[in-house]
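Secondary and tertiary structure notes
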Amino acid sequence: MGGEALSAYRTLLRATRKSFAGDTVMLKASAVEIRKHFEDNRNVTSQSEIQGLLESAREASHFISNMIVQAKLNSRGGYEVKPSKDHAGGTLEIPSEDILKSSGK
């Protein structure tokens, strides 16, 4: 893996560790998915295609870091969201009960 690709890979992993902290299922699943994308493109040699893939990785890192906030079940049976300063200006999309139930939370 080239230097830029390795840097993009690590940046994506850091973004998921930050956004999915404490959620082992999402951490594992996101790491597997990231690895798969990089493995699928390991043999790309076209510089323009490589640059496009690196830009996609940068966009994904930004999205994960700035657009995803996990809700946590509180003691009252409701969900709380604690966005950080990175999430300023974002909108809140609440997952359906079906999604929450299927995630095992």
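Data block above holds the structure.
Since the model is a prediction, treat every value here as computed from it, not as a measurement.

Scanning the protein chain from N- to C-terminus turns up 4 helices and 2 strands. Going from N to C terminus, the protein chain has its helices and strands arranged as α-α-α-β-β-α. Put simply, the protein chain has 105 residues, and 21% of those count as buried. A separation threshold of at least 6 residues defines the contact pool for the protein chain, and within that pool the share at least 24 residues apart is 47%. As displayed, the protein chain offers around 7800 Å² of accessible surface, 56% of which is attributable to carbon and sulfur atoms.

Tallying each qualifying case throughout the model produces 1 aromatic pair. Between Tyr 9 and Phe 38, the ring centres sit 5.2 Å apart and the planes meet at 75 degrees, which makes this aromatic pair edge-to-face. In this pair, Tyr 9 is assigned in helix α1 (residues 3-19) and Phe 38 in helix α2 (residues 24-40), connecting sequence segments 29 residues apart. By relative accessible area, which is 17% here, Phe 38 ends up buried.

One finds Ala 8, Tyr 9, Leu 12, Leu 13, Ala 15, Ile 34, Phe 38, Leu 54, Ala 57 and Ile 64 forming the largest nonpolar core, which totals 10 residues. Among the elements of the structure, α1, α2 and α3 (47-67) are those that each provide at least two residues to this core. The residues touching Leu 12, leaving out its near neighbours within four places in the chain, are Ile 34, Phe 38, Ala 57, Ala 60, Ser 61 and Ile 64.

One pass over the full model with this rule turns up 4 salt bridges. Close ionic contact of Arg 58 with Glu 55 constitutes a salt bridge, the shortest N to O distance being 3.2 Å. Taken together, the residues span about one helical turn, with Arg 58 and Glu 55 both in helix α3 at a distance of 3 residues. According to the relative accessible area criterion, Arg 58 is partly exposed, its value standing at 42%. Judged by its relative accessible area of 35%, Glu 55 is partly exposed. When salt bridges that share partners are traced, they join Arg 35, Glu 39 and Arg 42 into one network.

Inspection of the secondary structure puts Gln 70 in the loop between α3 and β1 (71-73). Linking Gln 70 and Phe 20, residues 50 residues apart in sequence, is a C-alpha distance of 7.0 Å.

Attention now goes to the packing of α1 against α2. Relative placement of two packed helices is described by the angle separating their axes and the distance separating the axes. At a minimum axis separation of 10 Å, α1 and α2 run at an interaxial angle of 165 degrees. By the angle class used here, α1 and α2 are roughly antiparallel. The crossing of α1 and α2 is right-handed. For the pair α1 and α2, the contacting residues are Ala 5, Ala 8, Tyr 9, Leu 12, Leu 13, Thr 16 and Arg 17 in the first and Leu 27, Ser 30, Ala 31, Ile 34, Arg 35 and Phe 38 in the second. Here the contact of α1 with α2 is built from residues that sort into 9 nonpolar, 2 polar and 2 charged.

What counts, and at which threshold
- Residue numbers restart at each chain and count upward from 1, following the sequence in its written direction.
- Local features in this predicted model are restricted to residues whose pLDDT is 70 or higher, and side-chain atom pairs enter the listing and the counts only when it is 80 or higher, whereas totals over whole chains, interfaces and linings include all residues.
- Only hydrogens and water are removed before side-chain values are computed, so all heavy atoms of the structure are retained for them.
- The numbering of helices and of strands both runs from the N terminus, where a helix is a DSSP run of H or I of at least 4 residues and a strand a run of E of at least 2.
- For every residue, the accessible area obtained with a 1.4 Å probe (protein chains only) is divided by the maximum for its type, and the residue is called buried under 20%, exposed over 50%, and partly exposed between those limits.
- Whether two residues are in contact is decided by their heavy atoms: any pair within 4.5 Å suffices.
- Accessible areas in this description were obtained via Shrake-Rupley with a 1.4 Å probe; residue shielding takes into account the shown protein chains only.
- In this analysis, rings of Phe, Tyr and Trp, with Trp reduced to its six-membered ring, are considered paired at centre separations within 6.5 Å, and the interplanar angle assigns stacked below 30 degrees, edge-to-face beyond 60, and tilted for intermediate values.
- Grouping buried Ala, Val, Leu, Ile, Met, Phe, Trp, Tyr and Cys residues that are joined through side-chain atoms within 4.5 Å yields what is termed a nonpolar core.
- Salt bridge, as applied in this entry: a Lys or Arg side-chain nitrogen positioned within 4 Å of an Asp or Glu carboxyl oxygen.
- For helices, the axis comes from a line fit to the C-alpha atoms of the stretch in contact; other axes are also lines fit to C-alpha atoms, and the angle between any two N-to-C directions lies between 0 and 180 degrees.
- Oblique is the label for every angle not falling under 35 degrees (roughly parallel), over 145 degrees (roughly antiparallel), or within 65 to 115 degrees (roughly perpendicular).
- Note on convention: the crossing is left-handed when the near helix lies turned anticlockwise from the far helix by less than a right angle, right-handed when the turn is clockwise.
- Each residue is assigned to one of three groups, with Ala, Val, Leu, Ile, Met, Phe, Trp, Tyr, Cys and Pro labelled nonpolar, Asp, Glu, Lys and Arg labelled charged, and all others, Gly among them, labelled polar.

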